[in-house]
Protein chains: 2
Amino acid sequence: MSARPKSICPPDPSGRSADDHGTQFCHRCTFSSICIAGGCHKSELAELQCLVEHVGQFRAGEHVFRAGDTFRAIFAVRRGTVKTCVVDKGGREQVLGFYLPGEVIGLDAIYPERFPCNAVALDTASFCRFSFPAISDLAARVPAVQQHLFRMLSKGLGTASLPARDPRDHSADQRVAAFLMDLSDRYAERGFSATRLHLSMSRGDIANYLRVAAETISRVLSRFRSQELIRIDGRGLELLDLARLGVIGSRCDRL
Amino acid sequence: MSARPKSICPPDPSGRSADDHGTQFCHRCTFSSICIAGGCHKSELAELQCLVEHVGQFRAGEHVFRAGDTFRAIFAVRRGTVKTCVVDKGGREQVLGFYLPGEVIGLDAIYPERFPCNAVALDTASFCRFSFPAISDLAARVPAVQQHLFRMLSKGLGTASLPARDPRDHSADQRVAAFLMDLSDRYAERGFSATRLHLSMSRGDIANYLRVAAETISRVLSRFRSQELIRIDGRGLELLDLARLGVIGSRCDRL
DNA sequence: AACGATGTTTGATCCGCGTCAAGACGGGAG
DNA sequence: CTCCCGTCTTGACGCGGATCAAACATCGTT
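Before going into details, it helps to say that this report is about the structure given with it.

Cut-off values and rules
For every chain, the first residue of the written sequence is number 1, and numbering continues from 1 along that sequence. Labels follow written order: the first chain is A, the first ligand is 1, and so on. Totals for whole chains, interfaces and linings use every residue, but because this is a predicted model, local features are given only for residues with pLDDT of at least 70 and side-chain atom pairs only at 80 or more, for both listing and counting. The basis for every side-chain value is the complete set of heavy atoms in the structure, and neither hydrogens nor water enter the calculation. Neighbouring residues are identified by heavy atoms, a residue being near a molecule or strand if any of them is within 4 Å of it. Between N or O atoms, a polar contact is any pair within 3.5 Å; within protein, one atom must be a potential hydrogen donor and the other a potential acceptor, and residues adjacent in sequence are included only when both atoms are from side chains. The secondary structure listing takes helices from DSSP runs of H or I that are at least 4 residues long and strands from runs of E that are at least 2 residues long, numbered from the N terminus. Only protein chains enter the accessibility calculation, which uses a 1.4 Å probe; a residue whose area is less than 20% of its type maximum is buried, one above 50% is exposed, and one in between is partly exposed. Only strands joined by at least two bridges in the DSSP assignment are considered to pair. Axis angles are defined between N-to-C directions and span 0 to 180 degrees, where every axis is a line fitted to C-alpha atoms and, for a helix, only to the segment in contact. A contact between two residues is defined here by any heavy atoms of the two lying within 4.5 Å. Residues are grouped as follows: nonpolar covers Ala, Val, Leu, Ile, Met, Phe, Trp, Tyr, Cys and Pro; charged covers Asp, Glu, Lys and Arg; every other residue, Gly included, is treated as polar.

Near DNA strand C you find 22 residues, and of these Pro167, Ala172 and Thr216 of chain A together with Ser218 and Ser222 of chain B are the closest. In DNA strand C, atoms within 4 Å of the protein come 69% from sugar and phosphate. One nitrogen or oxygen atom from the main chain of arginine 203 of chain B is found 2.9 Å from a phosphate oxygen belonging to DNA strand C. At a separation of 3.1 Å, a phosphate oxygen of DNA strand C approaches a polar side-chain atom of arginine 235 of chain B. Of all elements in the fold, only helix H6 (171-189) and helix H8 (214-226) of chain A together with helix H7 (203-210) and helix H8 (214-226) of chain B reach the threshold of two or more residues within the surface near DNA strand C. Sorting elements by how many residues they give to the surface near DNA strand C places H8 of chain B first, with 4 residues.

Right, let's get into unusual backbone geometry. Residue and element names in this part refer to chain A. At glutamate 113, a position not held by glycine, the phi torsion is positive, near 60°. The residue glutamate 113 is located in the loop between strand S6 (104-105) and strand S7 (118-121) in this model. Of the residues examined, glutamate 113 reaches a relative accessible area of 48% and is grouped as partly exposed. Backbone geometry at arginine 211 places phi at a positive 60°, although glycine is not the residue there. As for its position among the elements, arginine 211 is in the loop between helix H7 (203-210) and H8.

Residue and element names in this part refer to chain B. Pairing within the open sheet is antiparallel, and its 3 strands lie in the order S9-S11-S10. Each having just a single partner strand, strand S9 (196-198) and strand S10 (230-233) make up the two edges of the open sheet. Strand-to-strand twist of the sheet, defined as the mean angle between neighbouring strand axes without regard to direction, takes the value 15°. Note: S9 against strand S11 (residues 236-239), 3 bridges, orientation antiparallel. By the bridge assignment for S11, arginine 196 is matched with glutamate 238. On the sheet, helix H6 (residues 171-189) packs against S9, S10 and S11 and is oriented at approximately 100° with respect to S9.

With respect to spatial proximity, 21 residues lie near DNA strand D, and among them Ser218 and Ser222 of chain A together with Pro167, Ala172 and Thr216 of chain B are the closest. Near-protein atoms of DNA strand D (within 4 Å) split between backbone and bases, with sugar and phosphate holding 72%. In the environment of DNA strand D, a base nitrogen lies 3.3 Å from a nitrogen or oxygen atom belonging to the side chain of glutamate 215 of chain B. Between DNA strand D and arginine 219 of chain B there is a distance of 3.1 Å, counted from a base oxygen to a side-chain nitrogen or oxygen. Elements that contribute at least two residues to the surface near DNA strand D include exactly H7 and H8 of chain A together with H6 and H8 of chain B. Broken down by element, the residue count for the surface near DNA strand D peaks at 4 residues, all from H8 of chain A. Per-class residue counts for the surface near DNA strand D are 5 nonpolar, 7 polar and 9 charged.

This is the structure we're talking about:
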């Protein structure tokens, strides 16, 4: 299940030197400005590093936390990929998001004080765990930390814009293109390749996340391949034309 | 455009005594625990009230702020209703959300330090304006304020779950039902009626927000009326069967 | 009152995508 | 190797909803 990519994806984003000690990895993390420098004095930095706890070696399919668990800490993905999901009343799983190395999960649990969703490792994954009481205490004393938390939280607010369902412009194509571009951007933001990447999640998970049928994902990817927009081999993916994908994803089909 | 509801909607949610002085209105606001009591000492409360600035008497269609404006403050709706929207590259408007009295807009501007969207009054509207530097400064000194901001931000994170597009269970019905239930819940949360409410936004805005065609909104509302789920007269709306609407909205069509 | 502008409703037609179904990989166990 | 099983791909068909189009209601103007 956690198959190594074979052909397309030489610099594997999820499994490389991500577990190196020191700041080799940390400077790519969302928390970096807190953990590394960010204007903190040395004593506060030390305090923060005491506060961080490494948890990990989750295997594919294992839960990091479950919906309903009481909220005590937020997690930064250190290695691997995670999906968050809920199970609706009909018993069906609803995928809410995917999280790459350097990204943070659990922020949506602050308000309800319980995790509103499950977090499931998609491949071998490990995390940095930040006790929330401790970090908000630190935030009250270090303005830079507070500000950083505000910004992280704010950043998550804007991401709720699904494309229109407009039959004439292939709405499924839009969603998939936007999804691929989003992945690409996020990998790039963390220092990985923006064009060659590995899909840790199954087609079914992507379909569920985008609220389309799994078969549609297959068809769209095949179409993109025949249009020379991507190369794809199983979970290995290469984006050949970021510009055109971006256009499809944000759909400006006229004017 | 800002037509008063005539028949169905006697206690008008948007225009009643909302502009009364004192805490008559404030105790229903999202900021209440900050503005009113919330464990603050008197001196800090006074400080906060200095910090609040009333802005307002926007008329329907006027902008509260525009996408790209530099971010300096967040706004709590005091009276009226607001929609947030962006204009995509094709020149089409995309409605992102609606905000009722007592709700807060602008939190998504913290990270980019610019407003990512426009805010447009749907009827006569006024606001409480909170300078963000001032309030985050206060948050650093008053833990309760900081925590409240964290919780407000966190609360906004979970709201990104559009229903599936499943042809056999009328996905448009789901969206509309969920939309109506959401409005009902939010009005109730602010002390207004959960069953008799006024739609300040046009069918077109609702359709745009839900990413369906305006005609579909009309059809679904007509269907709901013929099923005795709602009574509707122009912008006036009465929800007759919250239970059934809730079921449709969260779709548990089997099991 | 007549008028156009805007918003709402309803009907007719067509197309994308969900469903069903079958086949093609691809990896692990024997 | 062969078998099995899960994931992925591809085809055929039907339905929901987008689009086009045309009445109708409502409101502010002249």
